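Reading the structure
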Amino acid sequence: MKPPILAVVMSTVISSTIMVLISSHWLTIWIGFEMNMLAIIPILMKKFNPRAMEASTKYFLTQATASMLLMLGIIINLLLTGQWTVLNMPSPIASNMMTAALAMKLGLSPFHFWVPEVTQGVPMSSGMILLTWQKIAPLSILYQIAPSMNPNLLMAMAIMSVLVGGWGGLNQTQLRKILAYSSIAHMGWMIAVTTYNPTLMLLNLTIYITMTLGTFMLFMLNSSTTTLSLSHTWNKLPLIASLILMTMLSLGGLPPLSGFIPKWMIIHELTKNDMAIMATFMAMTALLNLYFYMRLTYATALTMFPSTNIMKMKWQFESTKNTTLLPPLIMISTMLLPLTPMVLTLF
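How each quantity is defined
Residues numbered from 1 in each chain as written. Predicted model: local features only at pLDDT ≥ 70, side-chain atom pairs only at ≥ 80, totals over all residues. Heavy atoms only, no water. UniProt positions renumbered as here; feature names shortened; annotations may be inferred. Helix = DSSP H or I, 4+ residues; strand = E, 2+ residues; numbered from the N terminus. Rg over C-alpha atoms; globule rule 2.2 N^0.38 Å. Buried < 20%, exposed > 50% of the residue type's maximum accessible area, 1.4 Å probe, protein only. Contact = heavy atoms within 4.5 Å. Areas by Shrake-Rupley, 256 points an atom, 1.4 Å probe, with all protein chains shown as cover. Lys, Arg positive; Asp, Glu negative; His and termini not counted. Charge placed at Lys NZ, Arg CZ, Asp CG, Glu CD. Core = buried A, V, L, I, M, F, W, Y, C linked by side-chain atoms within 4.5 Å. Phe/Tyr/Trp six-rings, centres within 6.5 Å; stacked < 30°, edge-to-face > 60°. Lys NZ or Arg CZ within 6 Å of the ring centre and 35° of its normal. Salt bridge = Lys/Arg side-chain N within 4 Å of Asp/Glu carboxyl O. Axes fitted to C-alpha atoms, helices over the stretch in contact; angles between N-to-C directions. Parallel < 35°, antiparallel > 145°, perpendicular 65-115°, else oblique. Left-handed = near helix turned anticlockwise from the far one by under 90°.

The name given to the chain in an unreviewed UniProt entry is NADH-ubiquinone oxidoreductase chain 2, with the source organism recorded as Martes zibellina. Checking UniProt for the chain, the heading Subunit (unreviewed entry) contains the comment "Core subunit of respiratory chain NADH dehydrogenase (Complex I) which is composed of 45 different subunits. Interacts with TMEM242."

On to the overall build of the chain, then. Helix and strand counts for the chain come out as 17 helices and zero strands. Here the C-alpha atoms of the chain give a radius of gyration of 20 Å, agreeing with the 20 Å that 2.2 N^0.38 yields for 347 residues. On the principal axes, the C-alpha backbone points of the chain span a range of 75 × 50 × 35 Å. Considering the chain as a whole, with its 347 residues, one finds that 53% of them fall into the buried category. Of the contacts formed within the chain by residues at least 6 apart in sequence, a portion of 77% connects residues at least 24 apart. Carbon and sulfur atoms make up 74% of the accessible area of the chain, which amounts to about 15400 Å² in all. The distance from the centre of the 16 positive side-chain charges to the centre of the 6 negative ones in the chain is 13 Å.

The subject of this paragraph is helix H5 (residues 114-121). The buried fraction of H5 is high, at seven of eight residues. If you check which residues of H5 are buried, you get Trp 114, Val 115, Pro 116, Val 118, Thr 119, Gln 120 and Gly 121. On its buried face, H5 is in contact with helix H2 (26-44), helix H3 (50-81), helix H4 (92-106), helix H6 (124-131) and helix H9 (175-194).

Grouped together as the largest cluster of nonpolar side chains are 97 residues, with contacts concentrated most on Trp 26 and Leu 139. Ranked by residue count, the leading element in this core is helix H10 (residues 198-222), at 14 residues. Residue contacts for Trp 26: discarding those within four places in its chain leaves Leu 70, Ile 74, Asn 77, Trp 84, Thr 85, Val 86, Met 89, Met 98, Ile 141 and Ile 145.

As enumerated under the stated definition, the model contains three aromatic pairs in all. The interplanar angle of 10 degrees and the centroid separation of 5.7 Å between the aromatic rings of Phe 260 and Trp 264 together place this pair among those described as stacked. Taken together, the residues Phe 260 and Trp 264, both in helix H14 (residues 260-272) and four residues apart, mark about one turn of the helix. Taking relative accessible area as the criterion, Trp 264 reaches 39% and is therefore assigned partly exposed. We note Lys 263 situated over the ring of Trp 189; from NZ or CZ to the ring centre the distance is 5.1 Å.

Attention now goes to unusual backbone geometry. What is expected of a backbone is that most residues other than glycine have negative phi and most peptide bonds are trans. Note the cis peptide between Ser 109 and Pro 110, where omega equals 10 degrees. Positionally, Pro 110 belongs in the loop between H4 and H5. The phi torsion at Ser 223 lies on the positive side, around 55 degrees, for a residue other than glycine. When you line up the elements, Ser 223 lands in the loop between H10 and helix H11 (227-230). For Ser 223, a relative accessible area of 52% corresponds to the exposed category. Even without a glycine there, the phi angle at Asp 274 is positive, about 60 degrees. Here Asp 274 shows up in the loop between H14 and helix H15 (276-302).

Attention now goes to the pattern of salt bridges. Applying the stated criterion to the full structure yields four salt bridges. The salt bridge involving Lys 177 is made with Glu 117; its shortest N-O contact spans 3.7 Å. With Lys 177 in helix H9 and Glu 117 in helix H5, this pair connects stretches of sequence that are 60 residues apart. For Lys 177, a relative accessible area of 18% translates into the label buried. The network of salt bridges with common partners includes Glu 54, Lys 58, Glu 117 and Lys 177.

With that settled, consider the packing of H4 against helix H7 (residues 136-145). Running from N to C, H4 and H7 cross one another at 155 degrees; their axes reach a closest spacing of 9 Å. Taken together, H4 and H7 sit at an angle that is classed as roughly antiparallel. Where H4 crosses over H7, the two elements pack in a sense that is left-handed. Here Met 98, Leu 102, Lys 105 and Leu 106 of H4 come into contact with H7, specifically with Pro 138, Leu 139, Ile 141, Leu 142 and Ile 145.

In C-alpha cells:
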C-alpha cells in the first residue's frame, strides 16, 4: 500500500475510534463504528492474496451484522425513551441487543468464530491492530452502558469466552491463532468485571494492549508465524528468545510479571461481590492459557534447534526493522507489578 493511502486510512481508523470515545449520542457512535469498519478493511488486505480477501470478507460480514444489531437496539431505545443519549437505557431488550452487538464486535464467545480465522488470514501488523486498537471503541461503549446491562448475560459470555480462549489455543501451532484465542480469553476476563468495577476493565485493557503489542512486535522482528519458525530463535537471536519467554509468561498471568495485576484485581473484585466460585473457575481456566504460553516458551527458549550454528559466516542478515517502541513495551508488560498501588491510583 502506498504511504499517502496508508496515512489516510490509518488516520480514519484513529479518528473514528476517537469519535466513538468522545460521543454521548448514539448516532455519532454508530457512524464512528461504521467509519472504523470501512477503514480497517484496506489495512487487513494490505498484502493482497486470497487468504486476506477471505479474512476481510469474514470481518466485514460479522461487523456489518453487529452494526445492524446495534442500530436495532438504538432504535428500540429511541422509541421507548425518545432520547439518543447513551446513559439513558431503561429497556432490557435494547440493552441485551446492544450487549450482543458489542460482543460480536469484540469477538466474545459465542460470537468468537471470526477472530482466529481473520487474524490468521491477515499480515502480522494488521493482526496486531485488529487485536489491540479495534478493542478500544466497543469496550468504551460497554464501560458507559455497564450499569444498565444484564449481569447474568455478561457472566455467561465471560465464562464461555475464558473457556473457548483456553481450549481453542491448546492444539494450535500458528502464532496468530494462538494470540487470537488469547485475546478471546482476555476479553472474557474484562467482561466478567464490567458490572462490578468497570475501571478494572480499563486497567486490564491497557495492560493487555501493551503485552499483545510487545508480543506481536517480537514475532515481527523475528519474522515468525509458526511454533516451528519460533524454535529457530534461540540459535539466531538469544536475547529476543528470552524476551519472548518473559512476555509469554506475562500474558499467562504469572505473579512476578505485569500480566498478574489485572487477574489478581479481577479475582479480588469478584470474591468481594460473593462470586468466589466464578473467580475460582476463571483462575482454573487461566491455567489452560498458561499451558499453551508455556508450550511456546518451551519451543522458543528451552529447546535447541538441531543444527547448531558452527559456521563463521552469519547465516541470516541483521534485522533492519524499527524497534523503538519495543523496550518500553517489554518493560511495561513485564515489570509493572511492584507499581500496582500507583497503577490503581491512576485508574
